[in-house]
Amino acid sequence: MYVLMCPCIAAPSLRAVGITNDADLRAFSQAQERCRAFGIESVMMPCSETVYLGPDHPPGPYEGRLDTPAFLAVMDRSEEAVRGVIRERGAPLCIVGVDSSPVCGVNRWYRTDDRQPGRGVFLSRFPEIPALDVIDFARYRVYLAAPLFSEAERAYNRSVAALLREHLFSVHLPQECGDSSAERSAEHTACIFTENLAALSQADLVVAVIDGADADSGTAWEMGYAYAQGIPVIAVRTDFRQAGVSERVNLMLEEAAVVTDTAAHLPRLLASPRLCPPRGDTAIGRIECQSLFPR
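About the criteria used
- Sequence positions are assigned chain by chain, starting from 1 and proceeding in written order.
- In view of the model being predicted, local features appear only for residues whose pLDDT reaches at least 70, and side-chain atom pairs are presented and counted only at 80 or more, with totals across whole chains, interfaces and linings using the full set of residues.
- Note that the side-chain values use all heavy atoms of the structure and ignore hydrogens as well as water.
- Centres within 6.5 Å make a pair out of two Phe, Tyr or Trp rings, where for Trp the six-membered ring is used; the pair is then stacked when the planes are under 30 degrees apart, edge-to-face when over 60, and tilted otherwise.
- Summary of the burial criterion: residues with accessible area below 20% of their type's maximum are buried, those above 50% are exposed, and those between are partly exposed, where the area comes from a 1.4 Å probe applied to protein chains only.
- Both cavities and pockets are sets of points on a 1 Å grid over the protein atoms alone; in a cavity a 1.4 Å probe fits but cannot get out, in a pocket the set is open with protein on both sides within 12 Å along at least five of seven lines, and lining residues sit with an atom within 4 Å of a point.
- Grid points are joined across faces, edges and corners, and a volume is the space filled by probe spheres set on the points.
- Secondary structure follows DSSP: runs of H or I at least 4 residues long count as helices, runs of E at least 2 residues long count as strands, and numbering of each begins at the N terminus.
- Only Asp, Glu, Lys and Arg are considered charged, only Ala, Val, Leu, Ile, Met, Phe, Trp, Tyr, Cys and Pro nonpolar, and every remaining residue, Gly among them, polar.
- Between the first and last residue of a helix there are one fewer steps than residues, each counted as 1.5 Å, and that sum is the expected span.
- As used here, the arc belongs to the directions running from the helix axis to the C-beta atoms.

With respect to the packing of aromatic side chains
So, step 1. Under the defined criterion, the tally for this structure stands at five aromatic pairs.
So, step 2. Between Phe-122 and Phe-126 the ring centres are 5.4 Å apart and the planes differ by 75 degrees, which places this aromatic pair in the edge-to-face class.
So, step 3. For Phe-122, a relative accessible area of 0% translates into the label buried.
So, step 4. Taken together, the aromatic side chains of Phe-193, Trp-221 and Tyr-225 make up a single cluster linked through ring pairs.

Now the structure itself:
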């Protein structure tokens, strides 16, 4: 299993001068961490822009700068190198690109001075291969908030965690970390709180199970904390009861999360690299993924 990755993710100095910020560097680092965590090999694609413009090149759009026969020839050679890797190794899991790049953008790119939707000029040569922006690929640490007080609840939580791990997400499940006993001393509860809060603070995403006549109070607290920290929350409610005429659950929870009625939708909603459709397929999945992750 491998991904084709834009080379600037491993070597940010390849990017145009002055455009890389701390958030970019964190995303680049986490994308590589995800690969290491799941044994995914990163195969770096050629950087056509650096080959053509040289190192320390200034930023700019495609038109008036890269729309030349010479750059087209550079991309032809780069494409052949990537096609050679695919012929030798089989299809990759996906391409990990960098949005806004006129060459390696996934969802948007600079053709002129204004961004437009679509893939950059190099990634557009591989419409059959799924592609994720590095920001989406880097979001893989999930905190699973859910009630855990009965065997049925714990079994369901384990099934959700297993599904997410199958789709290459790292999952913090409190019941696997000591929060599973009714016999809690004051010292034990303090340790549980500290450990779970640390995991929640470091999470990229929160998945919350909100079944029941009213959502579990601990789960509701975790959802509120995540929302206040700007961590996207995806809630699963399989319970068919309504909290009101237009509310499936408490409105504060519903407004703070994307709510789905089945855990089977989670891989798509969390932008699983196993499910991201190639450009040209139905765009529904990508629209759902993008709506969760503000830029």
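Now that the structure is up, let's keep going.
Considerations on the layout of surface pockets
Empty pockets left among the atoms are what a rolling probe the size of a water molecule brings to light.
So, step 1. If you add up the space inside the largest pocket, you get close to 1100 Å³.
So, step 2. If you trace the largest pocket, you find 49 residues lining it, with Asn-21, Ala-23, Asp-24, Val-134 and Ile-135 closest to the centre.
So, step 3. Breaking the lining of the largest pocket down by element, the ones donating at least two residues are helix 1 (22-38), helix 2 (48-53), strand 4 (108-110), helix 4 (134-138) and helix 6 (186-202).
So, step 4. Across the lining of the largest pocket, the residue classes break down as 25 nonpolar, eleven polar and 13 charged.

Details of unusual backbone geometry
So, step 1. Positive phi outside glycine occurs at Asp-56, with the angle close to 60 degrees.
So, step 2. For Asp-56, the position within the fold is in the loop between helix 2 and helix 3 (69-89).
So, step 3. Residue Asp-56 is classed as exposed on the basis of its relative accessible area of 61%.
So, step 4. Backbone geometry at Ser-100 places phi at a positive 80 degrees, although glycine is not the residue there.
So, step 5. Looking at the secondary structure, you find Ser-100 in the loop between strand 3 (95-97) and strand 4.

Brief notes about helix 1
So, step 1. Given a rise of 1.5 Å per residue, 17 residues ought to cover 24 Å, and the 25 Å separating the end C-alpha atoms of helix 1 matches this to within 8%.
So, step 2. Buried within helix 1 we find Asp-24, Ala-27, Phe-28, Gln-30, Ala-31, Arg-34 and Cys-35. An end-on view of helix 1 places all buried positions within 165 degrees of arc, on one side of the element. Along helix 1, exposed side chains directed more than 90 degrees from the buried face belong to Asp-22, Arg-26, Arg-36 and Ala-37.

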